[in-house]
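Residue-level listing of the chains:
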Amino acid sequence: MKNKKDYSIIIGGAAGQGSRKAGLIIAKLFNNLGYNVFISEDYQSLIKGGHNFSVVRISDSQRFSTHEKADFLLALDANTITRHEKSLEEKGCIVFNKDKVKREKGVGIASDTITKELGGLPIMSNTALIAGFSKAMGIEWKVLEDALRKELTKGIEKNLEIAKKAYEEIKTVLTLEKIKADPDPLLTGNEAIALGAVKAGLDIYYAYPMTPATSILHYLAEHEKDFNIIVSQLENEIAVINSAVGSAYAGKRSMVGTSGGGFALMTEGISLAAMAETPVLIISSQRSGPATGVPTYGSQADLLFTLNSGHGDFVRFIVAPSDANECCYWSGKLLNLAWKYQTPAILLVDKELSESTFEFDEKILKTIKKEKPVLWSGKGEYKRYANSKSGISPMAFPGDKAVVKGTSYEHDEKGISVEDSETIILMQEKRLRKFEEMRAEVDLLEAVKVYGNKKSKKAIVSWGSTKGSALEVAEKLGLKFIQPLILQPFPKKQFEKALKGVDKLILVECSASGQMEKLLNCNGIKVDKKILKYDMRPFTVEELERKLKNI
Amino acid sequence: MENLETKCINTWCPGCGNFGILQAVKLAVNELISKGTPKENIVIVSDIGCNSKIADYLNLNSFYSLHGRSIVTAMGIKLANPELKILVFLGDGAALDEGISHLIHAAKRNSDINVIMHNNRLFALTTGQFTAVSPKGLKGKSTPEGSIEEPINPLELMLAANSSFIARGYSAKIEHLKDLIVKAVNHKGFSFIEVMQPCVTFFNNIQFYNEKVYETVNEELDSREKALTLIKEWNYNGEGKIPLGILFKKDRACFEEEATKHLVKDKKPEIEKCLQTHL
């Protein structure tokens with residue numbers, strides 16, 4: 001095995017069999033033992049059947065990527081073994097349901113028999129498998145019991161009875177080294193996005209279901225009361241964005257979430273938010289395209305579209321986080337920035353980021369608060385689009401003692417439609433000044449992150465979820481790693497600073513054309529090589545390492 | 001009387017039906033204000049088209065939305081602040097072509113907004129093309145031989161979508177229209193008022209309306225059957241008389257009340273509690 005403190009576990013089964021839940025329980029078990037954990041999900045666009053699997057990585061260092069090979073394979077069905085046996089390490093071990101799969105090698109657990117004998121429901125067979133697997137991994141009964149009590153909502157005692165029986169029947173094959181570290185909350189990127197926005201004062205979330213953004217809708221709806229917010233599912237993405245703009249005009253912080261196709265429908269509303277100078281936070285989680293593409297698989301190919309989303313001349317904030325911590329921080333920060341600059345702001349994520357499970361640093365939440373926007377003083381006649389020096393006009397809302405006129409039309413300072421060239425120029429230039437302020441704001445933020453060997457002449461540039469594997473390989477090979485985090489307004493100065501001493505820049509991206517190259521080119525930055533992947537699956541560490549070594 | 005004028009120059013064609021609607025709105029808003037609605041709680045939401053210029057002509061809160069989207073923008077405003085009284089102005093093209101899904105869903109949800117559809121039965125500002133309510137055979141620049149489509153009956157559609165308030169007015173009957181608007185605003189839930197509005201330039205049917213319209217007082221407002229009879233009296237082509245007035249009204253729970261009832265004033269979000277489930 002690779003490293004005594006770095007294991008990869010694949011948990012697979014048919015859709016509806018509960019492999020994802022099993023994966024999460026196993027991840028939490030190791031998290032409680034002090035290990036860093038990361039889960040990548042692979043599932044198909046179907047309800048029952050097919051093949052779904054989770055890859056759980058447990059390690060003594062924080063890694064948000066997966067290995068090509070697995071040390072353990074936990075098979076809920078025979079198909080899982082057929083599909084993944086070839087990706088098992090030489091000394092890897094298969095843990096399987098002995099009642100469904102006939103084989104000599106590995107750890108067979110009579111999970112169906114145990115469940116039946118003890119009068120459990122068929123789904124409880126998974127509990128027997130998890131228990132048997134835990135025993136094989138050398139996890140103490142107490143740790144397992146605690147985890148099961150926490151995770152299972154129904155029939156806890158029966159599940160524990162089944163777990164105990166399976167646990168007792170299986171022999172331990174591995175002695176895990178203990179790591180002294182407190183467990184961290186495990187969050188998907190989408191859950192982290194939800195929390196960040198709530199912390200920054202989210203009032204209303206609007207959405208139309210679309211993978212891979214749907215779990216933001218589910219999570220916020222589940223916690224609607226806890227968070228004291230409104231969650232509203234509307235008839236389509238056009239309704240979603242326009243309602244969000246309406247709510248913001250009326251003074252409420254609103255956020256919307258979607259993926260490429262839905263984002264395409266929202267673009268008229270993004271343009272509206274820019275003209276009406278109405279704050280709105282849009283979460284766009286990329287999936288494979290064009291069109292319907294491969295709905296449950298990821299991609300980074302919406303970058304150029306997002307940079308140019310919406311007709312007309314305007315700048316929007318676009319930030320591409322790479323893990324749950326950044327998702328949380330930036331959804332909160334972007335909601336505040338949207339309100340500070342009265343502008344659309346887009347958090348550009350992707351399937352891997354939205355749906356993978358990460359360790360979350362709770363301290364991030366303490367760095368987010370609801371920041372006060374520029375509000376009208378209440379004195380004098382109110383002008384919604386007052387021609388201020390900064391281009392930012394103080395906000396007032398219906399219900400205030402003012403006449404508040406928001407509009408999609410070119411307008412004068414009060415918000416009355418105009419068509420004369422003098423006023424058009426006045427207002428275009430007011431907005432241009434605001435865009436300059438937005439650029440200046442980016443210069444003050446950590447818009448580009450640099451990691452790895454800072455003296456290396458060779459640097460990798462990568463963004464979004466691809467950072468996970470790309471950073472790991474960069475560190476392994478002693479390369480510099482540059483992550484552009486804010487993509488619009490583009491942090492040119494910070495990027496140029498990051499490039500100091502670099503003579504070869506290699507882009508690693510999950511797209512067919514290498515879209516980040518075009519953005520960098522627009523800013524006078526040359527990309528020397530591109531490593532692209534477009535089977536809509538994330539890079540594994542080994543796969544990327546091989547490709548990089550060839551350069 | 002509140003002066004609701006702005007300094008914006010009115011660009012409607014002389015004799016346009018929109019003038020009558022604007023006057024009725026001013027009267028209705030004044031009545032609402034005189035009976036206790038704070039002026040600052042009134043919001044005009046308009047769409048795109050001649051009708052939507054009304055936002056510029058009223059010195060009231062307003063949001064001049066995108067084409068077909070005024071209804072959803074209005075819903076967003078109402079959900080954010082249910083205290084506000086929302087008047088949505090849009091044309092037949094916006095309501096029944098570009099934004100028909102929003103109209104149906106807003107009615108279905110019973111969102112407490114008041115939709116006033118200026119029905120001139122064609123796209124006017126784009127110089128005359130057929131809409132979903134244009135009579136079959138309407139000659140426009142996109143259908144020089146005449147439109148080949150039968151018109152939709154928007155009130156029948158609203159009844160099917162479970163709109164809780166359905167009315168029809170006429171831009172030349174200002175006092176009558178004012179009453180309809182006040183009653184719509186006072187109705188808790190979704191209100192739809194269709195206003196027959198002649199377009200003097202592209203579809204001047206003033207005489208047609210003057211001959212066909214009549215005011216009706218429906219005694220059985222919550223009867224769908226009675227409403228349907230009145231609604232189907234005119235087929236949006238040439239046949240039948242055109243009844244004006246409230247044609248249907250049936251109270252039911254409104255969307256914003258249901259969607260906000262769990263909110264607790266000044267309650268801080270319980271994030272820590274939620275994080276515990278992630279350990």
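Use the structure listed above.
Residues numbered from 1 in each chain as written. Chains lettered and ligands numbered in written order. Predicted model: local features only at pLDDT ≥ 70, side-chain atom pairs only at ≥ 80, totals over all residues.

Caption draft 1: Representation of the overall build of chain A in the model. Helix and strand counts for chain A stand at 20 helices and 21 strands. Taking 24 Å as the expected radius of gyration for a compact globule of 551 residues, we find that chain A reaches 25 Å, a close match to that expectation. Seen through its principal axes, chain A has C-alpha atoms that stretch 85 × 55 × 40 Å. The burial tally for chain A puts 58% of its 551 residues in the buried class. Taking contacts inside chain A between residues at least 6 apart in sequence as the whole, the part at least 24 apart equals 70%. (Helix = DSSP H or I, 4+ residues; strand = E, 2+ residues; numbered from the N terminus. Rg over C-alpha atoms; globule rule 2.2 N^0.38 Å. Buried ≥ 20, exposed ≤ 12 C-beta atoms within 10 Å, placed from the backbone. Contact = placed C-beta atoms within 7 Å.)

Caption draft 2: Representation of the overall build of chain B. Regarding its fold elements, chain B presents 11 helices and 8 strands. The C-alpha atoms of chain B give a radius of gyration of 20 Å, which matches the 19 Å a tight globule of 279 residues would have. If you take every contact in chain B between residues at least 6 apart in sequence, the share linking residues at least 24 apart comes to 70%.

Caption draft 3: Spotlight on the packing of helix H10 (residues 237-249) of chain A against helix H3 (residues 70-80) of chain B. Running from amino to carboxyl end, H10(A) crosses H3(B) at an angle of 45°, the nearest separation of the two axes being 7 Å. Compared by their axis directions, H10(A) and H3(B) come out oblique. Note that H10(A) runs across H3(B); the crossing there is right-handed. Of the residues in H3(B), those in contact with A:Ala239, A:Asn242, A:Ser243, A:Ala244, A:Val245, A:Gly246, A:Ser247 and A:Tyr249 of H10(A) are B:Val72, B:Thr73, B:Ala74, B:Met75, B:Gly76, B:Ile77, B:Leu79 and B:Ala80. In terms of residue class, the contact of H10(A) with H3(B) is built from 10 nonpolar, 6 polar and no charged. (Axes fitted to C-alpha atoms, helices over the stretch in contact; angles between N-to-C directions. Parallel < 35°, antiparallel > 145°, perpendicular 65-115°, else oblique. Left-handed = near helix turned anticlockwise from the far one by under 90°. Nonpolar A, V, L, I, M, F, W, Y, C, P; charged D, E, K, R; others polar.)

Caption draft 4: Looking closely at the interface of chain B and chain A. In this complex, chain B contributes 43 residues to the contact, which on the side of chain A involves 48 residues. Counting residues per element, the ones that place at least two in the side of chain B that touches chain A are strand E2 (61-64), H3, helix H5 (100-109), helix H10 (255-260) and helix H11 (271-276) of chain B. It is H3(B) that provides the largest number of residues to the side of chain B that touches chain A, a total of 8 residues. Class assignment of the residues belonging to the side of chain B that touches chain A gives a composition of 21 nonpolar, 15 polar and 7 charged. When strand E15 (residues 405-407) of chain A meets E2(B), the two strands line up parallel, connected through 3 bridges. The residue of E2(B) that forms the bridge with A:Lys405 is B:Ser62. (Pairing = 2+ DSSP bridges.)

Caption draft 5: Structural detail: the environment of B:Gly20. Note on placement: B:Gly20 falls in helix H1 (residues 17-34). Residues within four places of B:Gly20 in sequence aside, it is in contact with B:Ser171, B:Ala172 and B:Ile174.

Caption draft 6: Local environment of the sheet that holds strand E10 (residues 254-258) of chain A. All names here are of chain A. As summarised here, the arrangement of the 7 strands in space is E9-E8-E10-E11-E13-E12-E19, forming an open sheet in which the pairing is mixed. Either end of the sheet is taken by a strand with one partner, and the two such strands are strand E9 (230-233) and strand E19 (486-488). For this sheet, the mean angle separating the axes of adjacent strands, direction not counted, is 20°. Direction of pairing for strand E11 (residues 280-286) relative to strand E13 (residues 344-350): parallel, over a ladder of 7 bridges. Looking at E13, one finds that valine 280 is bridged to proline 344. Its contacts with the sheet put helix H13 (residues 324-341) on E10, E11, strand E12 (317-319) and E13, and the angle it makes with E13 is roughly 165°.

Caption draft 7: Structural detail: unusual backbone geometry. Of the consecutive residues A:Thr211 and A:Pro212, the connecting peptide bond is found in the cis state with omega at 5°. Among the secondary structure elements, A:Pro212 is positioned in the loop between strand E8 (204-207) and helix H8 (214-222). The peptide bond linking A:Gly289 to A:Pro290 adopts the cis configuration, its omega dihedral lying at -5°. Looking at where A:Pro290 falls in the secondary structure, it is placed in the loop between E11 and helix H12 (303-307). The backbone phi angle of A:Asn228 is positive, close to 55°, even though this residue is not glycine. Among the structural elements, A:Asn228 can be located in the loop between helix H9 (224-227) and E9. We note that B:Asp266 has phi near 65°; this positive angle belongs to a residue other than glycine. Relative to the helices and strands, B:Asp266 resides in the loop between H10 and H11. Here B:Asp266 falls in the exposed class, since 5 other C-beta atoms lie within 10 Å of it.

Caption draft 8: Highlighting H1(B). Residue and element names in this part refer to chain B. In this model, H1 (18 residues) spans 26 Å end to end at C-alpha, consistent with the 26 Å of a helix rising 1.5 Å per residue. Every buried residue belonging to H1 is among Gly17, Asn18, Ile21, Leu22, Ala24, Val25, Lys26, Ala28, Val29 and Leu32, and all of these are buried. The inward-facing, buried residues of H1 abut strand E1 (42-46), helix H2 (54-57), strand E3 (85-91), strand E4 (114-119), helix H7 (174-186) and strand E6 (191-196). (Expected span 1.5 Å × (residues − 1).)

Caption draft 9: Fine view of the packing of helix H7 (residues 189-199) of chain A against H8(A). Residues and elements named next belong to chain A. Running from N to C, H7 and H8 cross one another at 55°; their axes reach a closest spacing of 9 Å. The angle between H7 and H8 places the two elements in the oblique class. Read as a crossing pair, H7 and H8 show a hand that is right-handed. Residues Asn190, Glu191, Ile193 and Ala194 of H7 form the contact with H8, whose own contacting residues are Ser215, Ile216, Tyr219 and Leu220. Tallied by class, residues from the contact of H7 with H8 come to 5 nonpolar, 2 polar and 1 charged.

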